[in-house]
Amino acid sequence: MAKVLVVTSGKGGVGKTTSTAALGAALAQNGANVVVVDFDVGLRNLDLVMGAERRVVYDLINVVQGDAKLVQALIRDKRIENLSLLPASQTRDKDALTPEGVERVIGELKGKFDWVICDSSAGIEKGAMLAMYHADVAVVVTNPEVSSVRDSDRIIGMLDSKTAKAERGEAIEKHLLITRFDAGRAARGEMLSVDDVVEILSIPLLGIIPESEEVLRASNVGSPVTLASPAGIAARAYFDAARRLSGETVEMVVPMERKGLMSRLFGRRVA
Amino acid sequence: MILCTPYRLPLTPGTARHTSDYVTTDDTNPFIRLRGRSVMALVLAPEAPLATWLTALNAQVARAPTFFDGRPVLMDLGGLPANTPDVAGFLRALEGRGIRIIGTEGAHPSWPGIEAWGRPLPASGKAGRPITVPDETHATPAPAAGGEVNSLVIEQPVRSGQCVVFEKGDVTILGSIGSGAEVIAGGSIHVYGALRGRAIAGLAGNAKARIFCRRMEAELVVIDGVYQTADDMPAALIGKAAQAWLDGDQMKMTALDSTDTGDANGQSPGRNIRQGRRR
Ligand SMILES: Nc1ncnc2c1ncn2[C@@H]1O[C@H](COP(=O)(O)OP(=O)(O)OP(=O)(O)O)[C@@H](O)[C@H]1O
Ligand SMILES: [Mg+2]
């Protein structure tokens, strides 16, 4: 059974697009047939992070409006053949997305893929609501800081009331993904701790992605971080999260940069 | 889905049922007395086509037959296109459903018969927050014969941006009230999780109402118009299981765990938004 997953957040810039690309690639690297869909109409982004920006011909809106067939718009990843992208349009505006059109496209995608992963825009306006409407699973991306947590709380309320599943009286599966986590700053109390965030939002924790240079480097070369530096600390956190999404039980570790750990082990000299 | 938003006349800090302030002139001048009063109104913002919206409203009213009882309603018509036919007739249809319209906002002057609904209020900058209309068909138990339904149990957390209003009695929340969320009850409020948002108890003038929570981190607590903001609360109680109640016009807050009380017990006076009355 195909699963539709929306990557969402209340606040912008918290790492949704990064996480869509990384989780999509990680699931595909583990063998699943995956499409990542860019719902952030007006701000093309996912194609850049996926390194596909120069291969975009048709986009989501063309397909929604019936101007192009789905197969014409899908872009197959050059590195993993079971990973595809349905890009967003930079030029049209969100009003071009109709609920009926979106429903039809999602239905078609479900027939072709195991995972349909939708990168949404931040906030609670129309585009974001349409992206979440058909989801079976939601990944709520949150940074460990007060405003991001509060906005995520608001989005969780929307997921529980404004999705097709909620309207049918079913519960949507919700997961918390904490991104840009800095263990050092959390220990010094400059950021909320993982426990605080989980306690406030009270939904299951999918993973903790550390703040990492690797993420920036990967997006600069147009590659999901799980492909660009698969052995790195951020990629490993995304791989673990992808396995949890597939139903595996994976022990949760709070990621720490190795140098942080080393300095912690060897930082004090014997007097 | 009908969106109801609580609308506050911009008068008071806190969300009071009533605020009274007397303004008196000095002795030599004729005496004049002004009284400010803040009420909470619901804002209904219909969308075109109106027939579809009315059908949705009917469904909502069927599920919560008493929700609109006695509540002032402000119609925000700004979302309707100028060419919407028979808006005045639509408003009459709402009144026919027992909805008490106290004013309109954003009405188009060209709509025939719209003058009958009074001068439009100045558009408010604030949209207000969405209210969850309690689904009376299963949110509350069937009333016992002759008895009143007086409690509402909410099994999920109340999330930021959500607002629960239950004027008829107590509200019990099994989860937390998030920062930026609001629960308004005619009676007491019981929170089995953390209270991080706003709790407004005793809405209908019930000074006996209390607020209980497993973890006090509230942004605002109000009982019968007497309120305390986070800044006023005794620091020793923050994060603790606590209750708030009224002793006359004073808000008291104490730890629920009696071994934990001691100096932590808040004797902080609480601010009274009715203070003017005693001046
Ligand atoms: N774990 C991380 N470590 C370091 N930088 C990160 C991390 N995650 C994301 N970033 C950076 O943060 C910025 C915002 O990330 P991203 O575009 O994924 O956020 P978004 O939630 O999709 O934003 P928007 O709401 O604008 O769509 C990017 O520059 C990205 O490279
Ligand atoms: Mg993005």
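Residues numbered from 1 in each chain as written. Chains lettered and ligands numbered in written order. Predicted model: local features only at pLDDT ≥ 70, side-chain atom pairs only at ≥ 80, totals over all residues. Heavy atoms only, no water.

Colleague: I would appreciate a short explanation of the overall build of chain A in the present structure.
Modeller: Along its length, chain A carries 14 helices and 8 strands. Buried positions account for 55% of the 271 residues belonging to chain A. Taking the contacts inside chain A whose residues are at least 6 apart along the sequence as the reference set, 75% of them involve residues at least 24 apart. (Helix = DSSP H or I, 4+ residues; strand = E, 2+ residues; numbered from the N terminus. Buried < 20%, exposed > 50% of the residue type's maximum accessible area, 1.4 Å probe, protein only. Contact = heavy atoms within 4.5 Å.)

Colleague: In this structure, what is going on with the overall build of chain B? I would like to understand it.
Modeller: Helix and strand counts for chain B come out as 2 helices and 18 strands. By the burial criterion, 47% of the 279 residues in chain B qualify as buried. At a minimum sequence separation of 6, the contacts of chain B that also span at least 24 residues come to 46%.

Colleague: Explain the site of ligand 1 here, please?
Modeller: Residue and element names in this part refer to chain A. Close to ligand 1 lie 16 residues, the nearest being Lys-16, Thr-17, Thr-18, Arg-180 and Ser-212. Lys-16 places a side-chain nitrogen or oxygen 2.7 Å from an oxygen atom of ligand 1. Between ligand 1 and Asp-40 there is a distance of 3.5 Å, counted from an oxygen atom to a side-chain nitrogen or oxygen. Protein burial of ligand 1: of its 630 Å² of free accessible surface, 81% is covered by the chains. Those elements that provide at least two residues to the shell around ligand 1 are α1 (16-29), β8 (205-210) and α11 (213-220). By residue number, the principal contributor to the shell around ligand 1 is α1, which donates 3 residues. A class-by-class count of the residues in the shell around ligand 1 yields 6 nonpolar, 6 polar and 4 charged. (Near = heavy atom within 4 Å. Polar contact = N/O pair within 3.5 Å; in protein donor to acceptor, adjacent residues only side chain to side chain. Areas by Shrake-Rupley, 256 points an atom, 1.4 Å probe, with all protein chains shown as cover. Nonpolar A, V, L, I, M, F, W, Y, C, P; charged D, E, K, R; others polar.)

Colleague: In this structure, what is going on with the interface of chain A and chain B? I would like to understand it.
Modeller: Much of the literature gives interface size as the accessible area that the parts lose upon coming together. Across the contact, 11 residues belong to chain A and 14 residues belong to chain B. Counting each side, the surface lost to burial between chain A and chain B is near 960 Å², with a carbon and sulfur contribution of 40%. Ranking the residues of chain A by area buried against chain B places Arg-150, Asp-153 and Arg-154 of chain A at the top, with a combined share of 48%. For Arg-159 of chain B, the salt bridge is made with Asp-153 of chain A, and the minimal N-O distance between the two is 2.8 Å. The interface formed by chain A and chain B contains 7 residue pairs in polar contact (both at pLDDT 80 or more). Mapped by element, the contributors of at least two residues to the side of chain A that touches chain B are α7 (146-159) and α10 (194-201) of chain A. Per-element accounting of the side of chain A that touches chain B gives the leading share, 5 residues, to α7 of chain A. A class-by-class count of the residues in the side of chain A that touches chain B yields 4 nonpolar, 2 polar and 5 charged. (Buried area = accessible area lost by both parts, 1.4 Å probe. Salt bridge = Lys/Arg side-chain N within 4 Å of Asp/Glu carboxyl O.)

Colleague: Is there a simple way to think about the packing of aromatic side chains in this case?
Modeller: For any pair of aromatic rings, the description consists of the separation of the ring centres together with the inter-plane angle of the planes. Residue and element names in this part refer to chain B. Summed over the entire model, instances satisfying the criterion amount to 1 aromatic pair over all chains. Here the aromatic rings of Trp-53 and Phe-90 are separated by 5.7 Å at their centres, their planes lie at 65°, and the arrangement is edge-to-face. Of this pair, Trp-53 sits in helix α1 (residues 50-63) while Phe-90 sits in helix α2 (residues 87-96), and the two are 37 residues apart along the sequence. The exposure classification of Trp-53 matches that of Phe-90, with both residues buried. (Phe/Tyr/Trp six-rings, centres within 6.5 Å; stacked < 30°, edge-to-face > 60°.)

Colleague: Quick question: what am I supposed to make of the side chain of Thr-142 of chain A here?
Modeller: Residue and element names in this part refer to chain A. Among the secondary structure elements, Thr-142 is positioned in strand β6 (residues 137-142). A residue is classified by how much of its surface remains accessible, and Thr-142, at 0% relative accessible area, is buried. In this structure, Thr-142 is in contact with Ser-148, Val-149, Ser-152, Leu-176, Leu-177, Ile-178, Thr-179, Val-197 and Leu-201, ignoring residues within four places of it in sequence.

Colleague: Please clarify how the packing of α7 of chain A against α10 of chain A should be interpreted in this entry.
Modeller: Helix packing geometry: the angle between the two helix axes and the distance between the axes. Residues and elements named next belong to chain A. Running from N to C, α7 and α10 point in directions that differ by 30°, and their axes come no closer than 10 Å. Relative to α10, the element α7 lies roughly parallel. As α7 runs across α10, the sense of the crossing is right-handed. Taken together, the residues of α10 that come into contact with α7 (itself represented by Val-149, Ser-152, Asp-153 and Ile-156) are Val-197, Ile-200 and Leu-201. (Axes fitted to C-alpha atoms, helices over the stretch in contact; angles between N-to-C directions. Parallel < 35°, antiparallel > 145°, perpendicular 65-115°, else oblique. Left-handed = near helix turned anticlockwise from the far one by under 90°.)

Colleague: I keep staring at the pairing of strand β7 (residues 151-154) of chain B and nothing clicks. Help me out?
Modeller: Each regular strand shows side chains that alternate between the opposite faces of the sheet. All names here are of chain B. Where burial is concerned, the two faces of β7 differ: the one with Leu-152 and Ile-154 is buried and the one with Ser-151 and Val-153 is not. Relative to strand β9 (residues 170-173), β7 runs parallel, the two being bridged by 4 bridges. If you follow Leu-152 over to β9, its bridge partner there is Val-171. (Pairing = 2+ DSSP bridges.)

Colleague: Help me understand the sheet that holds strand β16 (residues 242-247) of chain B in this model?
Modeller: Within a sheet, adjacent strands bond to each other through the backbone by hydrogen bonds, running parallel or antiparallel. Residues and elements named next belong to chain B. Spatial ordering of the open sheet is given by β7-β9-β11-β13-β16-β17, a layout of 6 strands whose pairing is mixed. With one partner strand each, in any of the chains shown, β7 and β17 (250-255) form the two edges of the open sheet. Ignoring which end each strand starts from, the neighbouring axes of this sheet average 20° apart.

Colleague: I keep staring at the sheet that holds strand β2 (residues 34-38) of chain A and nothing clicks. Help me out?
Modeller: Residue and element names in this part refer to chain A. As summarised here, the arrangement of the 8 strands in space is β3-β4-β2-β5-β1-β6-β7-β8, forming an open sheet in which the pairing is mixed. The strands lining the two open edges of the sheet, one partner per strand, are β3 (75-76) and β8. Note: β3 against strand β4 (residues 83-86), 2 bridges, orientation antiparallel. The partner of Ile-75 across the bridge, within β4, is Leu-85. In the packing of helix α5 (residues 99-112) onto the sheet, the strands contacted are β1 (3-8), β2, β4 and β5 (115-119), and the crossing angle to β5 comes to about 140°. Contacts between α7 and the sheet are confined to β1, β6 and β7 (173-181), with β6 contributing the most and set at about 165° to the helix.

Colleague: For this particular structure, what's the right way to read the pattern of salt bridges?
Modeller: Side-chain pairs of opposite charge can arise whenever the charged atoms involved come near each other. The tally for this structure, following the rule as stated, stands at 18 salt bridges over all chains. With its nearest N and O atoms 3.0 Å apart, the salt bridge here joins Arg-188 of chain A to Glu-190 of chain A. Taking relative accessible area as the criterion, Arg-188 of chain A reaches 56% and is therefore assigned exposed. Residue class for Glu-190 of chain A comes out partly exposed when judged on its relative accessible area of 45%. One salt bridge connects Glu-182 of chain B with Arg-198 of chain B, and the closest N-O pair in it is separated by 2.8 Å. With Glu-182 of chain B in strand β10 (residues 182-185) and Arg-198 of chain B in strand β12 (residues 198-201), this residue pair connects regions lying 16 residues apart in the sequence. Judged by relative accessible area, which is 0%, Glu-182 of chain B ranks as buried. The class for Arg-198 of chain B is buried, based on a relative accessible area of 17%. Salt bridges here are not isolated pairs; linked through shared partners, they connect Glu-199 of chain A together with Arg-196, Arg-215 and Glu-217 of chain B.

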